[in-house]
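Residue-level listing of the chains:
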Amino acid sequence: MNKQDTNIFKAAWTYDEAPESTDHIQIKKIYELFIDGKFTKPIKGNYFDTINPATNKVIASVAEATTEDVDVAVKAARKAFGSWSKLSGKERGKYIFRIARLIQERAREFAVIESLDGGKPIRESRDIDIPLAANHFFYYAGWADKLEYAFPNRTPKPLGVAGQIIPWNFPLLMAAWKIAPALATGNTVVLKPAETTPLTALKLAEIIQESGLPKGVVNIVTGAGETGASIVNHPDINKIAFTGSTGVGKYIQKAIAGTNKKLTLELGGKGANIIFEDAAIDQAVEGIVNAIFFNQGHVCCAGSRLFVQESVADLVIQKLKNRMETLIVGNPLDKNTDIGAINSKKQLQTIENYIKIGINEGGEIYQPKCKLPKEGNWCAPTLFINVSQSHRIVQEEIFGPVLAIQTFRTIDEVIEKANNTPYGLSAGVWTQNGAKIFHLTQKLEAGVIWANTFNKFDPASPFGGYKESGFGREGGLHGLKPYLKFE
Ligand code: NAP
Ligand code: MG
(Lines give C-alpha, C1' and ligand atoms only; values in the text may rest on other atoms or scores of the structure.)
(Ligands and ions follow the chains in the order given, each with its own letter.)
Protein backbone atom coordinates (compact mmCIF):
# COMPACT_ATOMS: atom_id res chain seq x y z
CA MET A 1 0.00 0.00 0.00
CA ASN A 2 1.49 3.38 -0.89
CA LYS A 3 1.36 6.32 1.51
CA GLN A 4 -1.47 8.07 -0.24
CA ASP A 5 -3.62 4.95 -0.12
CA THR A 6 -2.93 4.57 3.61
CA ASN A 7 -4.06 8.13 4.25
CA ILE A 8 -7.23 7.73 2.28
CA PHE A 9 -7.93 4.55 4.16
CA LYS A 10 -7.38 6.18 7.57
CA ALA A 11 -9.55 9.13 6.69
CA ALA A 12 -12.47 6.83 5.84
CA TRP A 13 -15.76 8.69 6.05
CA THR A 14 -18.35 7.98 8.66
CA TYR A 15 -21.91 8.45 7.58
CA ASP A 16 -25.04 9.57 9.40
CA GLU A 17 -27.99 7.29 8.99
CA ALA A 18 -30.07 8.05 5.91
CA PRO A 19 -33.10 5.77 6.06
CA GLU A 20 -35.57 5.77 3.17
CA SER A 21 -39.06 6.70 4.34
CA THR A 22 -41.64 3.94 4.53
CA ASP A 23 -44.64 6.30 4.91
CA HIS A 24 -45.65 6.03 1.30
CA ILE A 25 -45.94 2.26 1.05
CA GLN A 26 -48.96 0.07 1.51
CA ILE A 27 -48.58 -3.52 2.55
CA LYS A 28 -51.66 -5.60 3.33
CA LYS A 29 -51.68 -8.06 6.23
CA ILE A 30 -52.89 -10.86 3.97
CA TYR A 31 -52.28 -11.44 0.26
CA GLU A 32 -54.48 -13.73 -1.82
CA LEU A 33 -53.76 -15.42 -5.15
CA PHE A 34 -54.21 -13.35 -8.31
CA ILE A 35 -56.31 -15.49 -10.64
CA ASP A 36 -58.57 -14.46 -13.51
CA GLY A 37 -58.15 -10.76 -12.73
CA LYS A 38 -59.24 -11.08 -9.09
CA PHE A 39 -57.56 -11.64 -5.74
CA THR A 40 -58.83 -15.08 -4.75
CA LYS A 41 -58.61 -17.13 -1.54
CA PRO A 42 -56.67 -20.40 -1.86
CA ILE A 43 -58.95 -23.44 -2.10
CA LYS A 44 -57.37 -25.27 0.84
CA GLY A 45 -57.12 -22.06 2.89
CA ASN A 46 -53.39 -22.27 3.70
CA TYR A 47 -51.13 -19.24 4.12
CA PHE A 48 -47.42 -18.74 4.78
CA ASP A 49 -45.48 -15.80 6.22
CA THR A 50 -43.11 -13.61 4.30
CA ILE A 51 -40.33 -12.25 6.48
CA ASN A 52 -38.09 -9.20 6.52
CA PRO A 53 -34.61 -10.77 6.49
CA ALA A 54 -33.08 -7.68 8.15
CA THR A 55 -35.18 -8.25 11.29
CA ASN A 56 -36.63 -11.75 10.83
CA LYS A 57 -40.06 -10.24 11.60
CA VAL A 58 -43.17 -11.20 9.66
CA ILE A 59 -44.28 -8.65 7.04
CA ALA A 60 -47.43 -10.29 5.69
CA SER A 61 -49.27 -13.54 5.30
CA VAL A 62 -49.44 -14.92 1.77
CA ALA A 63 -51.76 -17.51 0.19
CA GLU A 64 -50.31 -20.90 -0.67
CA ALA A 65 -51.49 -22.22 -4.03
CA THR A 66 -52.03 -25.97 -4.25
CA THR A 67 -52.42 -28.09 -7.40
CA GLU A 68 -56.14 -27.23 -7.38
CA ASP A 69 -55.46 -23.47 -7.39
CA VAL A 70 -52.83 -23.85 -10.11
CA ASP A 71 -55.42 -25.71 -12.16
CA VAL A 72 -57.92 -22.84 -11.79
CA ALA A 73 -55.17 -20.38 -12.80
CA VAL A 74 -54.19 -22.43 -15.87
CA LYS A 75 -57.86 -22.68 -16.93
CA ALA A 76 -58.21 -18.90 -16.60
CA ALA A 77 -55.05 -18.39 -18.65
CA ARG A 78 -56.24 -20.87 -21.31
CA LYS A 79 -59.60 -19.11 -21.62
CA ALA A 80 -57.93 -15.69 -21.83
CA PHE A 81 -55.52 -16.95 -24.49
CA GLY A 82 -58.41 -17.25 -26.98
CA SER A 83 -59.02 -13.53 -27.21
CA TRP A 84 -55.61 -12.19 -26.09
CA SER A 85 -53.79 -14.03 -28.87
CA LYS A 86 -56.19 -12.58 -31.45
CA LEU A 87 -55.83 -9.01 -30.25
CA SER A 88 -53.67 -6.90 -32.57
CA GLY A 89 -50.05 -6.38 -31.53
CA LYS A 90 -50.73 -2.67 -31.28
CA GLU A 91 -53.50 -3.23 -28.72
CA ARG A 92 -51.40 -5.69 -26.73
CA GLY A 93 -48.58 -3.16 -26.72
CA LYS A 94 -50.85 -0.49 -25.22
CA TYR A 95 -51.50 -2.63 -22.13
CA ILE A 96 -47.81 -3.44 -21.71
CA PHE A 97 -46.86 0.24 -22.00
CA ARG A 98 -49.49 0.99 -19.37
CA ILE A 99 -47.98 -1.55 -16.96
CA ALA A 100 -44.52 -0.01 -17.53
CA ARG A 101 -45.80 3.48 -16.77
CA LEU A 102 -47.62 2.33 -13.63
CA ILE A 103 -44.43 0.71 -12.33
CA GLN A 104 -42.61 4.00 -12.90
CA GLU A 105 -45.32 5.93 -11.09
CA ARG A 106 -45.09 3.66 -8.07
CA ALA A 107 -41.35 3.07 -8.29
CA ARG A 108 -40.59 4.35 -4.77
CA GLU A 109 -43.16 2.05 -3.25
CA PHE A 110 -41.86 -0.93 -5.22
CA ALA A 111 -38.26 -0.14 -4.22
CA VAL A 112 -39.01 -0.01 -0.49
CA ILE A 113 -41.07 -3.20 -0.56
CA GLU A 114 -38.39 -5.01 -2.55
CA SER A 115 -35.78 -4.06 0.06
CA LEU A 116 -38.07 -4.95 2.99
CA ASP A 117 -39.05 -8.35 1.66
CA GLY A 118 -35.72 -9.43 0.18
CA GLY A 119 -33.02 -7.53 2.11
CA LYS A 120 -31.31 -5.79 -0.81
CA PRO A 121 -29.96 -2.23 -0.33
CA ILE A 122 -32.50 0.45 -1.21
CA ARG A 123 -29.94 2.07 -3.52
CA GLU A 124 -29.96 -1.04 -5.66
CA SER A 125 -33.72 -1.63 -5.67
CA ARG A 126 -34.31 2.09 -6.35
CA ASP A 127 -31.66 2.55 -9.05
CA ILE A 128 -31.43 -0.88 -10.65
CA ASP A 129 -34.20 -3.43 -9.98
CA ILE A 130 -37.26 -1.24 -10.36
CA PRO A 131 -36.13 0.98 -13.29
CA LEU A 132 -34.91 -2.10 -15.16
CA ALA A 133 -38.21 -3.90 -14.55
CA ALA A 134 -40.11 -0.91 -16.01
CA ASN A 135 -37.66 -0.83 -18.93
CA HIS A 136 -38.33 -4.46 -19.74
CA PHE A 137 -42.04 -3.75 -20.06
CA PHE A 138 -41.32 -0.65 -22.19
CA TYR A 139 -38.92 -2.57 -24.40
CA TYR A 140 -41.21 -5.53 -25.09
CA ALA A 141 -44.25 -3.27 -25.46
CA GLY A 142 -42.36 -1.85 -28.42
CA TRP A 143 -41.98 -5.27 -30.05
CA ALA A 144 -45.65 -6.30 -29.71
CA ASP A 145 -46.71 -4.84 -33.08
CA LYS A 146 -43.42 -5.52 -34.88
CA LEU A 147 -43.11 -9.29 -34.69
CA GLU A 148 -43.17 -9.67 -38.49
CA TYR A 149 -40.19 -7.33 -38.66
CA ALA A 150 -38.40 -9.24 -35.93
CA PHE A 151 -38.80 -12.46 -37.94
CA PRO A 152 -39.06 -11.47 -41.62
CA ASN A 153 -40.76 -13.89 -44.06
CA ARG A 154 -41.99 -16.05 -41.22
CA THR A 155 -45.32 -16.09 -39.41
CA PRO A 156 -44.75 -16.01 -35.66
CA LYS A 157 -47.56 -17.43 -33.52
CA PRO A 158 -47.87 -17.51 -29.71
CA LEU A 159 -47.48 -20.83 -27.91
CA GLY A 160 -50.41 -20.60 -25.49
CA VAL A 161 -50.12 -20.69 -21.70
CA ALA A 162 -46.68 -20.08 -20.21
CA GLY A 163 -45.85 -21.35 -16.70
CA GLN A 164 -43.14 -19.17 -15.19
CA ILE A 165 -41.14 -19.79 -12.02
CA ILE A 166 -38.72 -17.24 -10.57
CA PRO A 167 -36.16 -16.97 -7.73
CA TRP A 168 -35.78 -14.53 -4.84
CA ASN A 169 -32.72 -12.52 -5.82
CA PHE A 170 -34.38 -10.04 -8.24
CA PRO A 171 -38.08 -10.58 -7.53
CA LEU A 172 -39.78 -7.84 -9.58
CA LEU A 173 -37.11 -7.79 -12.26
CA MET A 174 -37.39 -11.54 -12.86
CA ALA A 175 -41.19 -11.22 -13.03
CA ALA A 176 -40.71 -8.52 -15.68
CA TRP A 177 -38.22 -10.66 -17.65
CA LYS A 178 -40.81 -13.41 -17.73
CA ILE A 179 -44.12 -11.58 -18.20
CA ALA A 180 -43.17 -8.80 -20.65
CA PRO A 181 -41.98 -10.97 -23.61
CA ALA A 182 -44.78 -13.49 -23.03
CA LEU A 183 -47.45 -10.79 -23.33
CA ALA A 184 -45.77 -9.05 -26.27
CA THR A 185 -45.89 -12.31 -28.22
CA GLY A 186 -49.56 -13.01 -27.38
CA ASN A 187 -49.20 -15.69 -24.69
CA THR A 188 -50.92 -15.82 -21.33
CA VAL A 189 -49.14 -16.48 -18.06
CA VAL A 190 -49.21 -18.31 -14.74
CA LEU A 191 -46.28 -17.01 -12.68
CA LYS A 192 -44.93 -18.21 -9.34
CA PRO A 193 -42.66 -15.87 -7.35
CA ALA A 194 -40.24 -17.29 -4.76
CA GLU A 195 -41.56 -18.12 -1.33
CA THR A 196 -39.33 -15.60 0.50
CA THR A 197 -40.04 -12.63 -1.81
CA PRO A 198 -43.62 -12.67 -3.10
CA LEU A 199 -44.63 -9.08 -2.29
CA THR A 200 -43.52 -7.07 -5.32
CA ALA A 201 -45.05 -9.66 -7.69
CA LEU A 202 -48.32 -9.21 -5.78
CA LYS A 203 -47.95 -5.43 -6.05
CA LEU A 204 -47.44 -5.98 -9.75
CA ALA A 205 -50.73 -7.89 -9.73
CA GLU A 206 -52.41 -4.76 -8.34
CA ILE A 207 -50.92 -2.73 -11.18
CA ILE A 208 -52.00 -5.30 -13.72
CA GLN A 209 -55.54 -5.04 -12.36
CA GLU A 210 -55.33 -1.23 -12.57
CA SER A 211 -54.02 -1.38 -16.13
CA GLY A 212 -57.24 -3.04 -17.30
CA LEU A 213 -55.36 -5.99 -18.81
CA PRO A 214 -58.05 -8.55 -19.77
CA LYS A 215 -58.69 -10.97 -16.91
CA GLY A 216 -56.78 -14.23 -16.93
CA VAL A 217 -53.94 -12.97 -19.14
CA VAL A 218 -51.60 -12.81 -16.13
CA ASN A 219 -52.17 -15.01 -13.07
CA ILE A 220 -49.86 -14.94 -10.06
CA VAL A 221 -49.84 -17.93 -7.73
CA THR A 222 -47.74 -17.84 -4.58
CA GLY A 223 -46.29 -20.81 -2.72
CA ALA A 224 -43.12 -22.83 -2.37
CA GLY A 225 -41.48 -25.54 -4.49
CA GLU A 226 -44.61 -27.71 -4.59
CA THR A 227 -46.60 -24.91 -6.20
CA GLY A 228 -43.83 -24.64 -8.78
CA ALA A 229 -43.98 -28.38 -9.40
CA SER A 230 -47.77 -28.16 -9.92
CA ILE A 231 -47.16 -25.63 -12.68
CA VAL A 232 -44.42 -27.75 -14.27
CA ASN A 233 -46.62 -30.88 -14.24
CA HIS A 234 -49.88 -29.28 -15.36
CA PRO A 235 -50.93 -30.97 -18.61
CA ASP A 236 -52.37 -27.83 -20.25
CA ILE A 237 -49.23 -25.67 -20.14
CA ASN A 238 -47.34 -25.06 -23.38
CA LYS A 239 -44.14 -23.58 -22.10
CA ILE A 240 -42.12 -23.51 -18.90
CA ALA A 241 -39.75 -20.61 -18.26
CA PHE A 242 -37.66 -21.25 -15.16
CA THR A 243 -35.01 -19.21 -13.39
CA GLY A 244 -33.41 -20.79 -10.35
CA SER A 245 -30.92 -23.39 -9.25
CA THR A 246 -29.34 -25.97 -11.53
CA GLY A 247 -30.70 -28.75 -9.27
CA VAL A 248 -34.33 -27.73 -9.71
CA GLY A 249 -33.68 -27.00 -13.40
CA LYS A 250 -32.57 -30.59 -13.93
CA TYR A 251 -35.63 -31.87 -12.10
CA ILE A 252 -37.87 -29.76 -14.37
CA GLN A 253 -36.14 -30.96 -17.52
CA LYS A 254 -36.75 -34.56 -16.47
CA ALA A 255 -40.34 -33.86 -15.44
CA ILE A 256 -41.34 -32.49 -18.84
CA ALA A 257 -39.33 -34.92 -20.99
CA GLY A 258 -41.65 -36.60 -23.48
CA THR A 259 -44.29 -33.83 -23.33
CA ASN A 260 -44.84 -31.07 -25.89
CA LYS A 261 -43.89 -28.37 -23.40
CA LYS A 262 -41.19 -25.97 -24.49
CA LEU A 263 -38.55 -25.04 -21.96
CA THR A 264 -36.07 -22.32 -21.15
CA LEU A 265 -33.77 -22.66 -18.13
CA GLU A 266 -31.80 -19.80 -16.56
CA LEU A 267 -29.73 -21.53 -13.89
CA GLY A 268 -26.73 -21.06 -11.65
CA GLY A 269 -23.30 -19.65 -12.36
CA LYS A 270 -19.72 -19.23 -11.16
CA GLY A 271 -18.54 -16.28 -13.24
CA ALA A 272 -14.84 -15.61 -13.91
CA ASN A 273 -13.69 -12.01 -13.50
CA ILE A 274 -10.27 -11.60 -15.15
CA ILE A 275 -7.90 -8.71 -14.38
CA PHE A 276 -4.89 -8.24 -16.68
CA GLU A 277 -1.80 -6.29 -15.64
CA ASP A 278 -2.57 -3.57 -18.20
CA ALA A 279 -6.06 -2.89 -16.76
CA ALA A 280 -7.00 0.38 -15.11
CA ILE A 281 -6.45 -1.05 -11.64
CA ASP A 282 -8.61 1.27 -9.52
CA GLN A 283 -11.56 0.84 -11.87
CA ALA A 284 -10.98 -2.90 -11.88
CA VAL A 285 -11.08 -2.98 -8.07
CA GLU A 286 -14.46 -1.22 -8.17
CA GLY A 287 -15.49 -3.77 -10.78
CA ILE A 288 -14.49 -6.66 -8.51
CA VAL A 289 -16.58 -5.18 -5.68
CA ASN A 290 -19.57 -4.72 -7.97
CA ALA A 291 -19.15 -8.19 -9.46
CA ILE A 292 -19.27 -10.08 -6.17
CA PHE A 293 -20.86 -7.84 -3.54
CA PHE A 294 -23.76 -6.42 -5.59
CA ASN A 295 -27.02 -7.75 -4.08
CA GLN A 296 -25.04 -9.58 -1.33
CA GLY A 297 -23.61 -11.80 -4.07
CA HIS A 298 -27.08 -13.30 -4.62
CA VAL A 299 -26.51 -12.96 -8.34
CA CYS A 300 -26.47 -15.86 -10.80
CA CYS A 301 -23.92 -14.04 -12.96
CA ALA A 302 -21.79 -12.78 -10.03
CA GLY A 303 -18.05 -12.61 -10.64
CA SER A 304 -17.37 -15.07 -7.83
CA ARG A 305 -14.05 -16.36 -9.21
CA LEU A 306 -11.43 -13.66 -9.55
CA PHE A 307 -8.34 -14.24 -11.71
CA VAL A 308 -5.59 -11.61 -11.34
CA GLN A 309 -2.44 -11.55 -13.45
CA GLU A 310 0.46 -12.44 -11.19
CA SER A 311 2.45 -9.21 -11.71
CA VAL A 312 -0.36 -7.07 -10.24
CA ALA A 313 -1.90 -9.59 -7.83
CA ASP A 314 -0.44 -8.13 -4.60
CA LEU A 315 -1.45 -4.62 -5.58
CA VAL A 316 -4.99 -5.59 -6.60
CA ILE A 317 -5.59 -7.70 -3.50
CA GLN A 318 -4.33 -4.95 -1.18
CA LYS A 319 -6.48 -2.33 -2.88
CA LEU A 320 -9.45 -4.69 -2.74
CA LYS A 321 -8.97 -5.27 1.00
CA ASN A 322 -8.78 -1.51 1.57
CA ARG A 323 -11.96 -0.99 -0.38
CA MET A 324 -13.73 -3.77 1.50
CA GLU A 325 -12.97 -1.95 4.78
CA THR A 326 -15.16 0.92 3.58
CA LEU A 327 -18.18 -1.18 2.57
CA ILE A 328 -21.21 -0.54 4.76
CA VAL A 329 -23.14 -3.65 5.78
CA GLY A 330 -26.52 -3.17 7.42
CA ASN A 331 -30.05 -1.79 7.20
CA PRO A 332 -31.22 -2.33 3.61
CA LEU A 333 -33.41 0.77 3.84
CA ASP A 334 -30.45 3.04 4.63
CA LYS A 335 -29.29 4.87 1.50
CA ASN A 336 -25.64 4.47 2.58
CA THR A 337 -25.81 0.69 2.73
CA ASP A 338 -23.64 -1.25 0.28
CA ILE A 339 -24.44 -4.77 1.46
CA GLY A 340 -27.87 -5.57 2.85
CA ALA A 341 -29.34 -8.64 4.57
CA ILE A 342 -28.88 -12.21 3.38
CA ASN A 343 -32.22 -13.25 1.93
CA SER A 344 -33.09 -16.03 4.38
CA LYS A 345 -31.74 -17.93 7.37
CA LYS A 346 -31.38 -20.96 5.13
CA GLN A 347 -29.24 -19.07 2.62
CA LEU A 348 -27.11 -17.63 5.44
CA GLN A 349 -26.44 -21.17 6.67
CA THR A 350 -25.43 -22.23 3.16
CA ILE A 351 -22.98 -19.32 2.88
CA GLU A 352 -21.54 -19.85 6.37
CA ASN A 353 -21.08 -23.52 5.59
CA TYR A 354 -19.11 -22.67 2.42
CA ILE A 355 -16.93 -20.25 4.41
CA LYS A 356 -16.11 -23.11 6.80
CA ILE A 357 -15.36 -25.42 3.88
CA GLY A 358 -13.04 -22.77 2.40
CA ILE A 359 -11.11 -22.49 5.68
CA ASN A 360 -10.99 -26.29 6.21
CA GLU A 361 -9.66 -26.81 2.71
CA GLY A 362 -6.77 -24.46 3.47
CA GLY A 363 -7.96 -21.19 1.91
CA GLU A 364 -6.79 -17.94 3.53
CA ILE A 365 -9.79 -15.84 4.49
CA TYR A 366 -10.10 -12.07 4.77
CA GLN A 367 -13.09 -10.16 6.11
CA PRO A 368 -13.12 -6.43 6.93
CA LYS A 369 -13.76 -5.24 10.45
CA CYS A 370 -17.36 -4.27 9.80
CA LYS A 371 -19.99 -4.28 12.53
CA LEU A 372 -22.93 -6.52 11.76
CA PRO A 373 -26.38 -5.76 13.20
CA LYS A 374 -27.55 -8.11 15.97
CA GLU A 375 -30.93 -9.08 14.55
CA GLY A 376 -31.44 -10.43 11.05
CA ASN A 377 -29.28 -12.38 8.58
CA TRP A 378 -25.88 -10.87 7.83
CA CYS A 379 -22.62 -11.88 6.25
CA ALA A 380 -19.49 -9.74 6.05
CA PRO A 381 -17.94 -9.41 2.58
CA THR A 382 -15.39 -12.21 2.35
CA LEU A 383 -12.46 -13.13 0.16
CA PHE A 384 -10.27 -16.19 -0.04
CA ILE A 385 -6.72 -16.38 -1.38
CA ASN A 386 -4.46 -19.42 -1.64
CA VAL A 387 -7.17 -21.46 -3.30
CA SER A 388 -6.92 -23.54 -6.46
CA GLN A 389 -9.19 -25.03 -9.11
CA SER A 390 -9.98 -28.08 -7.00
CA HIS A 391 -11.32 -26.17 -3.99
CA ARG A 392 -15.05 -26.49 -3.51
CA ILE A 393 -15.43 -22.73 -3.00
CA VAL A 394 -13.87 -22.28 -6.46
CA GLN A 395 -16.08 -24.88 -8.15
CA GLU A 396 -19.49 -24.52 -6.47
CA GLU A 397 -21.97 -21.67 -6.54
CA ILE A 398 -22.17 -20.05 -3.08
CA PHE A 399 -24.70 -17.32 -3.94
CA GLY A 400 -23.36 -14.97 -1.29
CA PRO A 401 -20.67 -12.28 -0.77
CA VAL A 402 -17.73 -14.68 -0.98
CA LEU A 403 -14.94 -14.26 -3.53
CA ALA A 404 -12.30 -16.86 -4.44
CA ILE A 405 -9.09 -15.35 -5.83
CA GLN A 406 -6.51 -17.07 -8.03
CA THR A 407 -3.63 -15.75 -10.10
CA PHE A 408 -2.45 -16.49 -13.67
CA ARG A 409 0.48 -15.68 -15.94
CA THR A 410 -0.66 -16.18 -19.54
CA ILE A 411 -3.83 -15.71 -21.57
CA ASP A 412 -4.09 -19.41 -22.41
CA GLU A 413 -3.76 -20.32 -18.75
CA VAL A 414 -6.55 -17.99 -17.65
CA ILE A 415 -8.87 -19.16 -20.44
CA GLU A 416 -8.40 -22.75 -19.37
CA LYS A 417 -8.95 -21.92 -15.70
CA ALA A 418 -11.96 -19.73 -16.39
CA ASN A 419 -13.63 -22.45 -18.47
CA ASN A 420 -12.91 -25.15 -15.91
CA THR A 421 -16.38 -25.05 -14.37
CA PRO A 422 -19.66 -26.85 -15.01
CA TYR A 423 -21.30 -23.43 -15.40
CA GLY A 424 -21.17 -20.92 -18.25
CA LEU A 425 -23.25 -17.85 -17.50
CA SER A 426 -21.01 -14.79 -17.24
CA ALA A 427 -17.44 -13.51 -17.30
CA GLY A 428 -15.61 -10.19 -17.09
CA VAL A 429 -12.37 -9.06 -18.73
CA TRP A 430 -10.37 -6.03 -17.55
CA THR A 431 -7.64 -4.77 -19.92
CA GLN A 432 -6.82 -1.66 -21.95
CA ASN A 433 -6.09 -3.89 -24.94
CA GLY A 434 -9.08 -4.26 -27.27
CA ALA A 435 -7.62 -7.20 -29.19
CA LYS A 436 -7.24 -9.13 -25.94
CA ILE A 437 -10.90 -8.48 -25.14
CA PHE A 438 -12.03 -9.88 -28.52
CA HIS A 439 -9.74 -12.87 -28.18
CA LEU A 440 -11.16 -13.75 -24.76
CA THR A 441 -14.79 -13.19 -25.71
CA GLN A 442 -14.30 -15.84 -28.44
CA LYS A 443 -12.74 -18.35 -26.08
CA LEU A 444 -14.65 -17.97 -22.83
CA GLU A 445 -17.65 -20.29 -22.50
CA ALA A 446 -20.13 -17.83 -21.05
CA GLY A 447 -23.43 -16.38 -22.23
CA VAL A 448 -22.56 -12.82 -21.19
CA ILE A 449 -19.07 -11.33 -21.15
CA TRP A 450 -18.46 -7.83 -19.86
CA ALA A 451 -15.37 -5.83 -20.78
CA ASN A 452 -14.10 -3.26 -18.25
CA THR A 453 -17.40 -3.40 -16.40
CA PHE A 454 -19.54 -6.03 -14.69
CA ASN A 455 -23.19 -6.77 -13.85
CA LYS A 456 -24.59 -4.36 -16.43
CA PHE A 457 -28.05 -5.24 -17.73
CA ASP A 458 -30.16 -3.86 -20.52
CA PRO A 459 -33.52 -5.09 -21.83
CA ALA A 460 -32.21 -4.97 -25.39
CA SER A 461 -29.35 -7.33 -24.66
CA PRO A 462 -29.90 -11.12 -24.49
CA PHE A 463 -28.98 -12.99 -21.30
CA GLY A 464 -28.57 -16.72 -20.71
CA GLY A 465 -26.17 -19.58 -20.22
CA TYR A 466 -24.06 -22.42 -21.56
CA LYS A 467 -23.51 -25.84 -20.01
CA GLU A 468 -25.12 -26.23 -16.58
CA SER A 469 -26.15 -22.57 -16.53
CA GLY A 470 -29.10 -23.49 -18.75
CA PHE A 471 -30.35 -22.71 -22.24
CA GLY A 472 -32.51 -20.15 -23.99
CA ARG A 473 -32.11 -16.39 -23.90
CA GLU A 474 -34.10 -13.68 -22.15
CA GLY A 475 -33.93 -10.05 -23.23
CA GLY A 476 -33.55 -8.51 -26.65
CA LEU A 477 -34.88 -9.91 -29.89
CA HIS A 478 -33.64 -13.35 -28.76
CA GLY A 479 -36.03 -13.18 -25.80
CA LEU A 480 -39.10 -13.19 -28.08
CA LYS A 481 -38.27 -16.48 -29.76
CA PRO A 482 -38.86 -18.88 -26.84
CA TYR A 483 -42.48 -17.65 -26.71
CA LEU A 484 -43.22 -18.20 -30.41
CA LYS A 485 -43.73 -20.96 -32.92
CA PHE A 486 -43.34 -20.45 -36.65
CA GLU A 487 -45.75 -21.80 -39.24
P1 NAP B 1 -34.48 -22.60 -6.59
O2 NAP B 1 -34.48 -23.24 -5.26
O3 NAP B 1 -34.20 -23.42 -7.77
O4 NAP B 1 -35.87 -21.88 -6.73
C5 NAP B 1 -36.28 -21.16 -7.87
C6 NAP B 1 -37.79 -21.19 -7.97
O7 NAP B 1 -38.23 -22.53 -8.21
C8 NAP B 1 -38.49 -20.74 -6.69
O9 NAP B 1 -39.67 -20.07 -7.04
C10 NAP B 1 -38.77 -22.08 -6.02
O11 NAP B 1 -39.79 -22.03 -5.08
C12 NAP B 1 -39.14 -22.93 -7.22
N13 NAP B 1 -39.02 -24.37 -7.01
C14 NAP B 1 -38.34 -25.04 -6.03
N15 NAP B 1 -38.49 -26.38 -6.20
C16 NAP B 1 -39.25 -26.56 -7.31
C17 NAP B 1 -39.74 -27.70 -8.01
N18 NAP B 1 -39.46 -28.93 -7.60
N19 NAP B 1 -40.48 -27.51 -9.12
C20 NAP B 1 -40.75 -26.28 -9.57
N21 NAP B 1 -40.35 -25.16 -8.95
C22 NAP B 1 -39.59 -25.28 -7.83
O23 NAP B 1 -33.44 -21.42 -6.64
P24 NAP B 1 -33.29 -20.25 -5.62
O25 NAP B 1 -32.49 -20.73 -4.48
O26 NAP B 1 -34.60 -19.60 -5.36
O27 NAP B 1 -32.46 -19.20 -6.49
C28 NAP B 1 -31.10 -19.24 -6.56
C29 NAP B 1 -30.63 -19.89 -7.83
O30 NAP B 1 -31.17 -19.26 -8.96
C31 NAP B 1 -29.14 -19.79 -7.99
O32 NAP B 1 -28.60 -21.01 -8.38
C33 NAP B 1 -28.97 -18.76 -9.10
O34 NAP B 1 -27.79 -18.87 -9.80
C35 NAP B 1 -30.17 -19.00 -9.92
N36 NAP B 1 -30.50 -17.82 -10.71
C37 NAP B 1 -30.26 -17.86 -12.06
C38 NAP B 1 -30.53 -16.76 -12.84
C39 NAP B 1 -30.27 -16.77 -14.32
O40 NAP B 1 -30.79 -15.93 -15.01
N41 NAP B 1 -29.51 -17.70 -14.83
C42 NAP B 1 -31.06 -15.60 -12.26
C43 NAP B 1 -31.28 -15.58 -10.89
C44 NAP B 1 -31.00 -16.72 -10.13
P45 NAP B 1 -39.52 -21.50 -3.59
O46 NAP B 1 -38.19 -20.85 -3.53
O47 NAP B 1 -40.63 -20.57 -3.39
O48 NAP B 1 -39.55 -22.68 -2.71
MG1 MG C 1 -39.32 -12.06 2.54
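Conventions adopted
Residues numbered from 1 in each chain as written. Chains lettered and ligands numbered in written order. Predicted model: local features only at pLDDT ≥ 70, side-chain atom pairs only at ≥ 80, totals over all residues. Near = placed C-beta within 6 Å. Helix = DSSP H or I, 4+ residues; strand = E, 2+ residues; numbered from the N terminus. Nonpolar A, V, L, I, M, F, W, Y, C, P; charged D, E, K, R; others polar. Domains from an automatic or database assignment. Contact = placed C-beta atoms within 7 Å. Buried ≥ 20, exposed ≤ 12 C-beta atoms within 10 Å, placed from the backbone. Core = buried A, V, L, I, M, F, W, Y, C linked by C-beta atoms within 7 Å. Pairing = 2+ DSSP bridges. Expected span 1.5 Å × (residues − 1). Arc of directions from axis to C-beta.

> If you had to explain the site of ligand 1 to someone new, which residues and values would you point to?
Around ligand 1 sit 30 residues in total, of which E195, G225, G228, G244 and C300 are the nearest. Counting only elements with at least two residues in the shell around ligand 1, the list comes to α9 (225-233) and α10 (246-256). Among the elements that line the shell around ligand 1, the one with the most residues is α9, at 4 residues. For the shell around ligand 1, a count of residues per class yields 15 nonpolar, 11 polar and 4 charged. Residue contributions to the shell around ligand 1 reach at least three from each of two domains, namely domain 1 (30-267 + 469-486) and domain 2 (272-451).

> Account for the domain arrangement of the chain, naming residues and giving values.
Under the domain assignment used here, the chain contains domain 1 (30-267 + 469-486) and domain 2 (272-451). A straight line from the C-alpha centre of domain 1 to that of domain 2 covers 30 Å. Listed as interface residues are 17 residues of domain 1 and, on the opposing side, 22 residues of domain 2. The set of elements that each furnish at least two residues to the side of domain 1 that touches domain 2 consists of α4 (107-118) and α5 (122-143). Considering only residue class, the side of domain 1 that touches domain 2 consists of 6 nonpolar, 8 polar and 3 charged.

> Tell me about the environment of N331, residues and numbers included.
Relative to the assigned elements, N331 resides in the loop between α12 (310-325) and α13 (345-360). We classify N331 as buried; it has 23 C-beta atoms within 10 Å. The spatial distance from the C-alpha of N331 to the C-alpha of A18 is 9.9 Å, given a sequence separation of 313 residues. Setting aside its immediate chain neighbours within four residues, N331 contacts P19, A54 and T337.

> Give a description of unusual backbone geometry that names residues and reports values.
In this structure, D36 is a non-glycine residue whose phi angle is positive, near 55 degrees. Considering the arrangement of structural elements, one finds D36 in the loop between β2 (33-35) and β3 (38-40).

> Describe the nonpolar core, naming the residues involved and giving the relevant values.
In terms of nonpolar packing, the biggest core is built from 84 residues, with I96, F137 and V190 touching the most fellow members. By residue number, the principal contributor to this core is helix α7 (residues 171-184), which donates 11 residues. The residues touching V190, leaving out its near neighbours within four places in the chain, are V70, A73, V74, A77, V161, G163, N219, V221 and I231. In terms of nonpolar packing, the next biggest core, distinct from the first, is built from 60 residues, A272, V394, I405 and V448 among them.

> Outline the pairing of strand β5 (residues 57-63), listing residues and values.
Summarising the sheet, strand β1 (residues 30-31) and β5 pair through 2 bridges and their orientation is parallel. Bridge assignment links Y31 to a residue of β5, and that residue is V62. Summarising the sheet, strand β4 (residues 47-52) and β5 pair through 6 bridges and their orientation is antiparallel. In the strand pairing of β5, Y47 is matched with A63.

> Talk me through helix α2 (residues 67-84); I want residue IDs and the actual numbers.
When the terminal C-alpha atoms of α2 are compared, their 25 Å separation across 18 residues agrees well with the 26 Å that a helix rising 1.5 Å per residue should span. All of the buried residues along α2 are D69, V70, A73, V74, A76, A77, A80, F81 and W84. Along the axis of α2, the buried residues cluster in a sector spanning 160 degrees; they form a single face. Of the exposed residues in α2, those oriented more than 90 degrees away from the buried face are E68 and G82. Where the residues of α2 are buried, they touch β2, β7 (161-165), β8 (188-192), β9 (218-220) and α9.

> Give me the environment of V190: which residues, what numbers.
With respect to the helices, strands and loops of the structure, V190 is situated in strand β8. Along the chain, V190 and V221 lie 31 residues apart, while their C-alpha atoms are 7.0 Å from each other.

> Describe the environment of P158, naming the residues involved and giving the relevant values.
Position of P158 relative to the elements: it lies in strand β6 (residues 156-158). Apart from the residues lying within four places of it in its own chain, the contact partners of P158 are S85, T185, G186, N187, Y483 and L484.

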